[in-house]
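Single-letter residue listing:
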Amino acid sequence: MTAPPDATGTTAGTATAVVSGPDATTARRPGRRATTLIPLGIVTLYVLVALLGPLFLSYDPVHTPLEDRLLSPGSTTAEGTTAWLGTDGLGRDVLAQIVYGARTSVLIGAATVGLSCLVGVVLGAIAGYARGWTDAVLARVFDVLLAFPAILLAIVIAGAFERSLFLVVVALSATGWISFARVTRGVALSIRERPWVDAARVMGVPAREILRRHVLPFTAGPIVAMATLEFALVVLAEAGLSFLGIGLPTDTPSWGQTIAGGKEYLETAWWISTLPGVALSLLIISVGILGDQLTARHRNGRRSA
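As a convention, each chain's residues are numbered from 1 in the sequence order in which they are written. Local features in this predicted model are restricted to residues whose pLDDT is 70 or higher, and side-chain atom pairs enter the listing and the counts only when it is 80 or higher, whereas totals over whole chains, interfaces and linings include all residues. In computing side-chain values, all of the structure's heavy atoms are included and hydrogens and water are not.

## Some thoughts on the overall build of the protein chain
The condition is simple: Helix numbering and strand numbering both begin at the N terminus, where a helix is a DSSP run of H or I of at least 4 residues and a strand a DSSP run of E of at least 2. Summary of the burial criterion: residues with accessible area below 20% of their type's maximum are buried, those above 50% are exposed, and those between are partly exposed, where the area comes from a 1.4 Å probe applied to protein chains only. The contact definition used throughout considers only heavy atoms, calling two residues in contact when any of these lie within 4.5 Å. Methods summary: accessible areas were calculated by the Shrake-Rupley approach with a probe of 1.4 Å, and residue burial reflects only the protein chains presented.
Within the protein chain, the secondary structure is distributed over eleven helices and two strands. In the protein chain, the succession of α and β elements from N to C terminus is α-α-β-β-α-α-α-α-α-α-α-α-α. Counting across all 305 residues of the protein chain, residues that qualify as buried make up 40%. Long-range pairs, those at least 24 residues apart, make up 67% of the contacts in the protein chain between residues at least 6 apart in sequence. About 16,900 Å² of surface is accessible on the protein chain, with carbon and sulfur atoms providing 67% of the total.

## Brief notes about the side chain of Glu238
So the rule is basically this: All tallies of charge rest on Lys and Arg as positive and Asp and Glu as negative; His and the ends of each chain are not included. Salt bridges, as used here, are contacts in which a Lys or Arg side-chain nitrogen is within 4 Å of a carboxyl oxygen on Asp or Glu.
Structurally, Glu238 is set in helix α9 (residues 220-244). Despite its burial, Glu238 remains without a salt bridge, the nearest opposite charge being carried by Arg163 at 9.9 Å. Excluding residues that lie within four positions of it along the chain, Glu238 makes contacts with Ser105, Ile108, Val168, Leu172, Leu248 and Ser254.

## Regarding the packing of helix α3 (residues 94-130) against helix α4 (residues 132-146)
What counts here: Inter-axis angles, ranging from 0 to 180 degrees, are taken between N-to-C directions of lines fitted to C-alpha atoms, where helices are fitted over the stretch in contact. Each angle is binned into one of four classes, with values under 35 degrees roughly parallel, values over 145 roughly antiparallel, values of 65 to 115 roughly perpendicular, and all other values oblique. Each crossing gets its handedness from the near helix: less than a right angle anticlockwise from the far helix is left-handed, clockwise is right-handed. Ten residue types, Ala, Val, Leu, Ile, Met, Phe, Trp, Tyr, Cys and Pro, are classed as nonpolar, four, Asp, Glu, Lys and Arg, as charged, and the remainder, Gly among them, as polar.
Running from N to C, α3 and α4 point in directions that differ by 140°, and their axes come no closer than 7 Å. It follows from the interaxial angle that α3 and α4 lie oblique. Our pair here, α3 against α4, has a crossing hand that is left-handed. Judged by residue contacts, Leu123, Gly124, Ile126, Ala127, Gly128 and Ala130 of α3 engage Gly132, Thr134, Asp135, Leu138 and Phe142 from α4. Here the residues of the contact of α3 with α4 are counted per class, giving six nonpolar, four polar and one charged.

## Some thoughts on the side chain of Thr77
We apply this condition: Polar contacts here mean pairs of N or O atoms no more than 3.5 Å apart (in protein, one a potential hydrogen donor and the other a potential acceptor; neighbouring residues in sequence count only if both atoms are side-chain atoms).
Summarising the element assignment, Thr77 is placed in the loop between β1 (75-76) and β2 (82-83). Of the polar contacts made by the side chain of Thr77, one reaches the side chain of Thr81; its length is 2.7 Å. In this view, Thr77 contacts Asp68, Leu71 and Ala83; residues no more than four positions away in its chain are not counted.

## Notes on the packing of aromatic side chains
Cut-off, in case you're wondering: Only Phe, Tyr and Trp rings are paired, with Trp represented by its six-membered ring, and only when their centres lie within 6.5 Å; those with planes under 30 degrees apart are stacked, over 60 edge-to-face, the remainder tilted.
Under the criterion given, the structure shown has five aromatic pairs. Seen from their ring centres, Trp196 and Phe218 are 5.6 Å apart, and the 20° between their planes marks the pair as stacked. Separated by 22 residues along the polypeptide, Trp196 in helix α7 (residues 195-202) and Phe218 in the loop between α8 (207-215) and α9 bring together distant segments of the chain. Under the relative-accessibility criterion, Trp196 is labelled partly exposed at 35%. Under the relative-accessibility criterion, Phe218 is labelled partly exposed at 40%.

## A short note on a nonpolar patch on the surface
Rule in force here: Candidates for patches are residues over 30% relative accessible area with no salt bridge; among them, like charges are joined within 9 Å and nonpolar side chains (Val, Leu, Ile, Met, Phe, Trp, Tyr) within 5 Å.
A contiguous nonpolar surface patch, about 650 Å² in accessible area, is contributed by Val47, Leu48, Leu51, Leu52, Leu55 and Phe56. By the secondary structure assignment, Leu51 is in helix α2 (residues 22-56).

## Things to note about the pattern of salt bridges
Applying the stated criterion across every chain, the model contains eight salt bridges. The shortest N-O distance in the salt bridge between Asp143 and Arg182 comes to 3.1 Å. Of this pair, Asp143 sits in helix α4 while Arg182 sits in helix α6 (residues 165-191), and the two are 39 residues apart along the sequence. Through salt bridges with shared partners, one network takes in Arg131, Arg192 and Glu193.

## Let's talk about α8
Put simply, the rule is: As used here, the arc is the angular range of directions from the helix axis to the C-beta atoms.
Looking at α8, one finds that the buried residues are Ile210, Leu211 and Val215. Angularly, the buried residues of α8 cover 100° about the axis, an arc narrow enough to put them on a single face. For α8, the exposed residues lying more than 90 degrees away from the buried face are Arg208 and Arg213. In this structure, the buried side of α8 is in contact with α3, α6 and α7.

## Focus on the environment of Ala139
Structurally, Ala139 can be placed in helix α4. Separated by 42 residues in the primary sequence, Ala139 and Ala181 have C-alpha atoms spaced 9.1 Å apart.

## What about the confidence of the model for the protein chain?
Selection rule: Scored from 0 to 100, pLDDT records how confident the predictor is in each individual residue.
Summary statistics for the protein chain give a mean pLDDT of 85 and a share of 86% for residues scoring 70 or more. Counting contacts from residues 1-28, a segment whose pLDDT is below 50, to residues more than four positions away or on other chains yields ten contacts.

In structure tokens:
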């Protein structure tokens, strides 16, 4: 039985079809595309600033022009240049510290995630594919290390040795690889039972080649999604270590050091801590949103498959 037409002459069924049809999907696409492109554009901008910013701005962390200390944003320095974001308590330009700090954060984030991903994927693939006592031992190692608070372990490692960029990467990678290992192990446990893997084993293909050609490619989706989220956590952890004074050396620009240096001037020179904090928060939020989108896309792809 057909529903009666309404005042506009359109039946209820037709109206429902119009609302839920392709036109409605098309209408929702611009907003959905914007939510995807905005965080991606922000992250890309940070990467470009980290790579190209130091080519246009010079910064010497040792040079402290005290005559320019605590200048407000837009002030003119003694050399005649403009301090667009002001200066800190030692006369150093805050904009230059943010730009060079972005390079430090991107470098440490990429190095830490890369090292964690390499170690975690290898150990997780071995544990998931080999099974037996190998899987049991590695799985228990994963669980034991996961019980330690990551940031606490990083503080202990960073505080026990002389400060350096390499030490920060090692300290943050000490537990960062566990998440990659657990995800890779789960994927390997599932993929090793697939028919094409069984066929490869019957044909005598070495286990190393089976892992490389038939197992590891299926870990790309979840690993990329997790890498974005881990990148945000690493950047935040590095800023925390530098804020506590146990991360990078003083001659290496860092957002955490800049924020820590301005905590004594929050009432009189708010820009020293606020502006690097805003830059740090914007990067973490954008990377987190991008990671959530990649995770959701991977899950939807698995459901459709």
